[in-house]
Structures are given as C-alpha cells and as structure tokens.
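Coordinate analysis (summary)
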Amino acid sequence: QREEPCAAAFRQEPRPVSYMEARTERTAERRPLVCIADYQAAAEQLWNRNARDYYASGAEDEITLRSNVEAFRRRVIVPRCLVNVSTVSTVVALGVGGQKASMPVLVAPTAFHRMAHRDGECATARACARCDTIYTHSSLATTSLAETATATSAIGTGARWFQLYVTRNRSEVVRVVREAERTGYTALVLTVDTPILGRRENDIRRRFRLPEGLQLGVLSGDEVEQTAYCSNTSRGGSGLANFVSSRIDASLTWSDFEWLRELTHLPVLVKGVLHPDDAEQAVRCGAAGIIVSNHGARQLDTAPATLDVLEEITAAVHGRVPVFIDGGIRRGTDVIKVRHGVGISERAIFCPTWG
C-alpha cells in the first residue's frame, strides 16, 4: 500500500509511523489548544526532526529570531477607560486594489505546507477564506496555484495573493505570473531579501530535503531541480540552499522590479524591506505596498527586529502606500502594538503561519 505523501514528515524514529497513525496515537496526549504556542508545541510532537527544524529554525545563532519576539515583549499597552466598546469592527481596508480583510491579520507566505499536513496549502487557504482574510501562496508551495484556488472557490470570501521568487529563467516567471492572474489571485508579493538562502544551520546539519512523494506545486517541471529537495545531493548540506543558489536570480535589481510591474496588471508589493531608503525606492518604482520583513529571521542573523524598524520605514513611506509587517507576532496584543505603537491609525499585519 502506498504511503501518504506527507507521511515521512510525521515519521517518528525508530519505527516508521504513517500520518494517520501518528495523529491517532497522540490524540490522548493533546491538551486544549488556545494560543499559537500551544499549536506549535502540539505540531512539534508529530513532526520528525527534519520538518521541525525547518519550520522552527532561524539563521545562524538565531539572534534575530529571538529579537523579533522580544521586540514585542518590550512594548507595553496603556489602556484607556470608560470608552464604549460594545460594538467593535475589526474590518480593515488594505489599500491594495480596494481589498479588505475581516481583521488586521493576514497570512504570510510559507513553504512546504504538505510537510505538516496532507492537505497542505489548500487547508491554510480554506481557513483564511472562512475567516475572510488574505492567504498568500508561496512560490515554494507543495500545491499548485490552481489547486488552492479550487479549494477556496466554494467558500467565496478571502482574497489570495501570490508570493514570487524571480528565477533566472524569465519565461518561468512569466508562466507563474500568468497562472496567478488566470486563477484569480489579486496581488503579487515580490520577495527581495533572498539572493542566496540564509545559513540555517539545523537544515545544513540534517541535509534538509522534502520527504519522498512531495514536490513543488508552482515552480515545477524542467525548470526545477526536484532532486535538490527530494534527495541528499552530491553537494551535501541543505537541499533548499542548493536549489536557491542554482535557480533564484541573485542579480535582481530595481529595474527587474519595474519589468515585473509592466508584466502584470496585478498590484505588486515588495517583501523584505528593512531600510527606509529601500522603502522610498520601492515607492518611487511603483510598489503597491511595503512588507517590513526579515524573512522570519531565516536570512541574515543580527538583522534588526521588524518592529524596531517599522516606525522609520513608515515615516519614509509617508502614507503613499500601505505598510505591512511580519516577524515575532504571536498574540492579538502584538497586533494592537503595531497598529497604535507607531502613531499610525490604519495598518494591516502579516502574521506568521504555524502549521
């Protein structure tokens, strides 16, 4: 009998355990899940080390990984009293193509969801649609753009954005952009902080690879060296790092961003901005929005926490386009700190996804 494609991600050494067996065996161990930390702890009981280290690790000494969270902990909330809050609306206008969300929490792009659950990105997208908020599909998703679109079509709410890595072969970029347009995605999110992959040492030690049976759903076919994920290559180290170095275009500049803008009718946001001068340049080049991000602390260790640079970037943008943020957001109080901690009345939040 053929094993479920994502079973290897749930395999517990030394005895191989299928996904359904793992879930059944651990049902009794679960406590009520009431916050993100609970969900993370429960998931880590099911994943093997390959999956757990990939999802949870940061770059090098993980200084920025800790700083992202600590930056929010340093901020305090001073409440006001005797204000009528009997009726409250959490709906936000995103400032991107007239789109709205039911709450100032969007779901950021993350890779390889089927390594966490057999439904993969389709399950994440359905959850976002039911909550009427934005789901962002990763270039490194394990389901296709069309599959995810189909999974949410019956729900009818919640827009979908597509995160794009620019590969060296521009025909591949054109193909996936056209696919995003055709399947109803409403914005592109261009990641600009990954000319090479950050040094994620746990992935290097474990020679990270996708479990057998999983493959990429967007960057697929001849353009993608699937074996960089699915087997330990002769170069060793992380299969993902090998893929990025061989496929992602490290020569990307602002002129390429302008080329992408001319290629599509969709609004294009820039993700991975940490310096106000880059934010200013993005606005001048026609970006539809700025996403303040250090790639979840997975790229350059000792880069600043996103919350610590948000105010300076927001000042540089000066209200011309919306500013979003990811990294370190764990609770609703963190959302309040972003929305009001830098003197801005309207901002949406990119929240990290936990499988």
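One structure accompanies this document, and this report is about it. Since this is a predicted model, take the numbers as computed values, not measurements. (Residues numbered from 1 in each chain as written. Predicted model: local features only at pLDDT ≥ 70, side-chain atom pairs only at ≥ 80, totals over all residues. Heavy atoms only, no water.)

**A short note on the pattern of salt bridges**
For side chains bearing opposite charge, pairing can occur when the charged atoms are close. This is how it is decided: We define a salt bridge as a contact between a side-chain nitrogen of Lys or Arg and a carboxyl oxygen of Asp or Glu at a distance within 4 Å. Strands are runs of DSSP state E lasting at least 2 residues, helices are runs of H or I lasting at least 4, and numbering of each runs from the N terminus. Residue exposure (1.4 Å probe, protein chains only): buried if accessible area is under 20% of the type maximum, exposed if over 50%, otherwise partly exposed.
Summed over the entire model, instances satisfying the criterion amount to 15 salt bridges. D308 serves as the salt-bridge partner of R74, at 2.9 Å between the closest nitrogen and oxygen. Of the two residues, R74 is situated in helix α4 (residues 63-74) and D308 in helix α13 (residues 306-317); the sequence distance between them amounts to 234 residues. R178 serves as the salt-bridge partner of E181, at 3.1 Å between the closest nitrogen and oxygen. On the criterion of helical spacing, the pair formed by E181 and R178 is a turn pair, its members being three residues apart in helix α7 (residues 170-182). Take R178: its relative accessible area is 36%, and that puts it in the partly exposed class. Residues joined by salt bridges that share partners form a network here, namely R49, D53 and R206.

**Observations concerning the side chain of R160**
The cut-off we apply is this: Note on charges: Lys and Arg go in the positive column, Asp and Glu in the negative column, and His and the chain ends are not counted at all. For this analysis, a polar contact is any N or O atom pair within 3.5 Å, provided that within protein one partner can donate a hydrogen and the other can accept it, and provided that sequence-adjacent residues contribute only side-chain to side-chain pairs. Note on contacts: a residue pair is in contact if any heavy atoms of the two residues lie within 4.5 Å.
Residue position: R160 is located in strand β5 (residues 160-164). One buried charged residue, R160, remains without a salt bridge, the closest side chain of opposite sign being E179 at 9.3 Å. Side-chain polar atoms of R160 contact the side chain of T152, separated by 3.2 Å. In this structure the side chain of R160 is engaged in a polar contact, spanning 3.2 Å, whose partner is the backbone oxygen of T183. Apart from residues lying up to four places away in sequence, R160 is in contact with Y135, T148, A149, T152, T183, G184, Y185, T186 and A187.

**A few points about the packing of aromatic side chains**
This is how it is decided: Ring pairs shown here join Phe, Tyr and Trp side chains whose ring centres sit within 6.5 Å, with only the six-membered ring taken for Trp; geometry is labelled stacked below 30 degrees between planes, edge-to-face above 60, and tilted in between.
Summed over all chains, the structure comprises seven aromatic pairs. Geometrically, the ring pair formed by Y54 and F112 is tilted, given 5.2 Å between the ring centres and 45 degrees between the ring planes. Note that Y54 is positioned in helix α3 (residues 49-56) and F112 in the loop between β3 (106-107) and α5 (120-131), a separation of 58 residues in sequence. Relative accessible area serves as the criterion here: at 0%, F112 is assigned to the buried category.

**A short note on the packing of α5 against helix α6 (residues 145-153)**
Applicable threshold: Axes here refer to lines fitted to C-alpha atoms; in helices the fit is confined to the stretch in contact. Angles between the N-to-C directions go from 0 to 180 degrees. These descriptions rest on fixed angle ranges, namely under 35 degrees for roughly parallel, over 145 for roughly antiparallel, 65 to 115 for roughly perpendicular, and the rest for oblique. Here is the rule for handedness: rotate from the far helix to the near one, and if that takes an anticlockwise turn smaller than a right angle the crossing is left-handed, while a clockwise turn gives right-handed. Only Asp, Glu, Lys and Arg are considered charged in this grouping, and only Ala, Val, Leu, Ile, Met, Phe, Trp, Tyr, Cys and Pro are considered nonpolar; every other residue, Gly among them, is considered polar.
Packing of α5 against α6 leaves a shortest axis separation of 9 Å and a crossing angle of 40 degrees. With respect to α6, the axis of α5 lies oblique. Where α5 crosses over α6, the handedness of that crossing is right-handed. When α5 is examined against α6, the residues E121, C122, A125, R126 and A129 are found in contact with a partner set consisting of E147, T148, A151 and T152. Partitioned by chemical class, the residues of the contact of α5 with α6 number four nonpolar, two polar and three charged.

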